[in-house]
Amino acid sequence: MAANNPHELWSKDLFSILNDAKVTLYSYIPDAGNKCLIEMAEASNETKTVLLTSEEEGVAVCAGAELVGERGILCMQSSGVGNIPNFLSLIKGGGFPLLMLVSMRGEYGEQNPWQYPMGQAVQPIFDAMGVMTFWVYSIDDLEKAAIAACQTVHKGGRAAALILSQKFLGSKAF
């Protein structure tokens, strides 16, 4: 991991929370917002990572993990949320629990106009598909939101998204 990475400290905290929740499978589309977390999962002997070619695959991978008694998480950027509504119908119809980590674009401080449409669509898509959302706007929100999302999924049997806002992650300069 790069020294002085601004995401390193909170990623360690989140990785610990996910370990406590017995999440062992990390399916992901590479993104700066999940990079440190994925590196930690790759370095751990207790977790596995699956590099995806599309976000839809991650929904299916996590559902499959659930069927064999494992716990997974789908890590993606907000633009990927637009790729999964049809697969979220599998989760909703089949009653599968699903934990997602979404790093946001298209909001606070965004400089790329192409990111706004999906950034604004994330919450409505999740609402339409019955996915509960837990937003992180500051470091003070992270632990409570992550624990709540894990409990919603693993104890409540629901789909939930832990959403890391751009205010939390920082906006990218172009």
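Higher on the page you've got the structure.
Here, residues in each chain are numbered from 1, in the same order as that chain's written sequence. Whole-chain, interface and lining totals are the exception, using all residues; otherwise, since this is a predicted model, local features are given only for residues with pLDDT of at least 70 and side-chain atom pairs are given and counted only at 80 or more. For the side-chain quantities, the full set of heavy atoms in the structure was used; hydrogens and water were omitted.

## Details of the overall build of the protein
Secondary structure is summarised from DSSP: a helix means a run of H or I of at least four residues, a strand means a run of E of at least two, and numbering begins at the N terminus for each. Counting its regular elements, the protein contains eight helices and six strands. N-terminal to C-terminal, the α/β element order of the protein is α-β-α-β-α-β-α-α-β-α-β-α-β-α. In summary, the protein has a C-alpha radius of gyration of 15 Å against a globular reference of 16 Å for 174 residues, a match within 12%. Looking at the protein residue by residue over its 174 residues, the buried ones come to 51%. If you take every contact in the protein between residues at least 6 apart in sequence, the share linking residues at least 24 apart comes to 73%. For the radius of gyration, the atom set is restricted to C-alpha positions; the globular benchmark scales as 2.2 Å times the number of residues to the power 0.38. When a residue's accessible area, from a 1.4 Å probe over protein chains only, is under 20% of the maximum for its type it is buried; when over 50% it is exposed; and in between it is partly exposed. Every residue pair with non-hydrogen atoms within 4.5 Å of one another is taken to be in contact.

## Thoughts on the sheet that holds strand S1 (residues 25-28)
Note: two strands are recorded as paired if DSSP finds a minimum of 2 bridges between them. Read across the sheet, six strands follow the order S2-S1-S3-S4-S6-S5 without closing on themselves; strand pairing throughout is parallel. Across the chains shown, the open sheet's two edge strands, defined by having one partner strand only, are strand S2 (48-51) and strand S5 (132-136). Averaged over all adjacent pairs, the angle separating strand axes in this sheet is 20 degrees, with direction ignored. Two strands pair when backbone bridges link them, and strand S4 (residues 98-103) and strand S6 (residues 159-164) are joined in this way by six bridges, in the parallel orientation. Looking at S6, one finds that Leu99 is bridged to Ala160. Note on definitions: angles span 0 to 180 degrees between N-to-C directions of axes, and those axes are lines fitted to C-alpha atoms, for helices only across the stretch in contact.

## Quick notes on the pattern of salt bridges
In the sections that follow, a salt bridge refers to a side-chain nitrogen of Lys or Arg positioned within 4 Å of a carboxyl oxygen of Asp or Glu. Using the criterion set out here, one finds three salt bridges in the structure. For Glu8, the salt bridge goes to Lys12, with nearest N and O atoms at 3.8 Å. Note that Glu8 and Lys12 are positioned in helix H1 (residues 8-20) at a spacing of four residues, about one turn of the helix.

## A short note on the packing of H1 against helix H7 (residues 139-154)
Two numbers describe how H1 lies on H7: the axes approach to 10 Å, and their chain directions differ by 20 degrees. Here H1 lies roughly parallel to H7, going by the angle between them. The chirality of how H1 crosses H7 is right-handed. Packed against H1, whose contacting residues are Trp10, Asp13, Leu14, Ile17 and Leu18, the element H7 presents Ile139, Leu142, Glu143, Ala146, Ile147 and Cys150 at the interface. Along the lines of polarity and charge, the residues of the contact of H1 with H7 split into nine nonpolar, no polar and two charged. Any angle between 65 and 115 degrees counts as roughly perpendicular, while under 35 counts as roughly parallel, over 145 as roughly antiparallel, and the rest as oblique. For a crossing to be left-handed, the near helix must be turned anticlockwise from the far one by less than a right angle; the clockwise case is right-handed. Each residue gets one of three labels, nonpolar for Ala, Val, Leu, Ile, Met, Phe, Trp, Tyr, Cys and Pro, charged for Asp, Glu, Lys and Arg, and polar for the others, Gly among them.

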